[in-house]
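Now for the letters of each chain:
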Amino acid sequence: MANDFIAPDGYPRCQWCGGAPEFLPYHDNEWGFPVADDQRLFEKLCLESFQSGLSWRTILNKREHFRAAFHHFDFHQVARFNEDDVQRLLQDAGIIRHRGKIEATINNAKRAQEMVEQEGSLAAFFWRYEPPSDARAAPQTQTTSPESIALANALKKRGWKFVGPTTVFAFMQAMGLLNDHSLTCITRKRVEHARQQFQRPVK
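Residues numbered from 1 in each chain as written. Predicted model: local features only at pLDDT ≥ 70, side-chain atom pairs only at ≥ 80, totals over all residues. Heavy atoms only, no water.

This part takes up the pattern of salt bridges. Any two side chains of opposite charge can pair if their charged atoms end up close together. Within this structure, the stated rule accounts for 15 salt bridges. What emerges from the salt-bridge pattern is a single network uniting D9, R13 and D28. (Salt bridge = Lys/Arg side-chain N within 4 Å of Asp/Glu carboxyl O.)

Written as structure tokens, this is what we have:
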């Protein structure tokens, strides 16, 4: 437990929770809990792309601004964005004003529409890459995995952008495709229970 963060309630959490006050509620209520909602999956993958080269704290603090700017990551709406929208977003100080990442988000919204048409849902596609439980490394000891590499490659083949293996692995951690909470973190059992109850999406 020497490497744990002891939260104000006296219980251990993953060490990274101690990095900023806003991390604790995100950790306890979102990180690692399994998600099958396409809009939330799309949002998280986009935010992980925006985070590339930056801290998650920066993105988390701007998340509500991102949601407002991108219609809560409704990819059907984002897919209709044009150059006027790109210019609008480049003037929006509430988000990360990076043209490449903004254009990638619009591109990826179009690719998401195609994926839903072909696969039934984003969730059905992403959850095919859930790692086998007996093949996982110790929690938080890796930044990529064979599954994140495979998923990143599959997305790139479908035309997605800013979805490298590290970005995809962070997405998989957050969306519950694996339980990467530390072994002594009190949230780990809650996440594992949620994963046991979770109905894996199929086409």
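A separate point is the nonpolar core. Counting residues in each nonpolar core, the largest one holds 55 residues, and the members touching the most others are F42, F66, F70, F126, L155 and W160. Top element by residues in this core is helix 2 (residues 38-51). It accounts for six residues. With residues up to four places along the chain from it excluded, the contact list for W160 reads F42, L45, N107, N108, R111, A112, M115, F126 and L155. (Core = buried A, V, L, I, M, F, W, Y, C linked by side-chain atoms within 4.5 Å. Buried < 20%, exposed > 50% of the residue type's maximum accessible area, 1.4 Å probe, protein only. Helix = DSSP H or I, 4+ residues; strand = E, 2+ residues; numbered from the N terminus. Contact = heavy atoms within 4.5 Å.)

Our focus in this paragraph is the UniProt feature "binding site: Zn(2+)" (unreviewed entry) in the protein chain. Per the UniProt record, "binding site: Zn(2+)" (unreviewed entry) is annotated on C14, H27, H181 and C185. Taken together, the annotated residues stretch across 172 residues yet fold into one region, lying no more than 10.4 Å apart by C-alpha. When you line up the elements, H27 lands in helix 1 (residues 23-29). The class of H27 is buried, set by a relative accessible area of 0%. Residues in contact with H27, not counting those within four places in the same chain, are R13, C14, W16, C17, F33, H181, C185 and T187. Relative to the helices and strands, H181 resides in the loop between helix 9 (165-174) and helix 10 (187-197). What makes H181 buried here is its relative accessible area of 0%. Excluding anything up to four places from it in sequence, H181 contacts C14, H27, W31, G32, P139, Q140, T187, R188 and V191. Polar contacts involving the side chain of H181 include one to the main-chain carbonyl oxygen of W31, which spans 2.8 Å. (UniProt positions renumbered as here; feature names shortened; annotations may be inferred. Polar contact = N/O pair within 3.5 Å; in protein donor to acceptor, adjacent residues only side chain to side chain.)

Time to look at the packing of helix 5 (residues 83-90) against helix 6 (residues 99-119). When two helices pack together, their arrangement is given by the angle between the helix axes and the distance between those axes. Packing of helix 5 against helix 6 leaves a shortest axis separation of 10 Å and a crossing angle of 135 degrees. In terms of orientation, helix 5 and helix 6 fall into the oblique class. Here the hand of the crossing between helix 5 and helix 6 comes out right-handed. Contacts from E83, V86, Q87, L89 and L90 in helix 5 reach R99, I102, E103 and I106 in helix 6. Split by residue class, the contact of helix 5 with helix 6 holds five nonpolar, one polar and three charged. (Axes fitted to C-alpha atoms, helices over the stretch in contact; angles between N-to-C directions. Parallel < 35°, antiparallel > 145°, perpendicular 65-115°, else oblique. Left-handed = near helix turned anticlockwise from the far one by under 90°. Nonpolar A, V, L, I, M, F, W, Y, C, P; charged D, E, K, R; others polar.)

Turning our attention to helix 2. An α-helical turn contains 3.6 residues, so a residue and the one three or four places further along point in the same direction. End to end, helix 2 covers 20 Å across 14 residues, agreeing with the expected 20 Å (1.5 Å per residue, within 8%). With 12 of 14 residues buried, helix 2 lies mostly within the body of the structure. Within helix 2, burial applies to D38, L41, F42, E43, K44, L45, C46, L47, E48, S49, F50 and Q51. (Expected span 1.5 Å × (residues − 1).)

The next subject is unusual backbone geometry. For Q140, which is not glycine, the phi dihedral falls at a positive 55 degrees. Inspection of the secondary structure assignment puts Q140 in the loop between helix 7 (122-126) and helix 8 (146-157). Unusually for a residue other than glycine, F162 sits at a positive phi of about 55 degrees. Among the secondary structure elements, F162 is positioned in the loop between helix 8 and helix 9. Residue classification places F162 among the partly exposed positions, given a relative accessible area of 36%.

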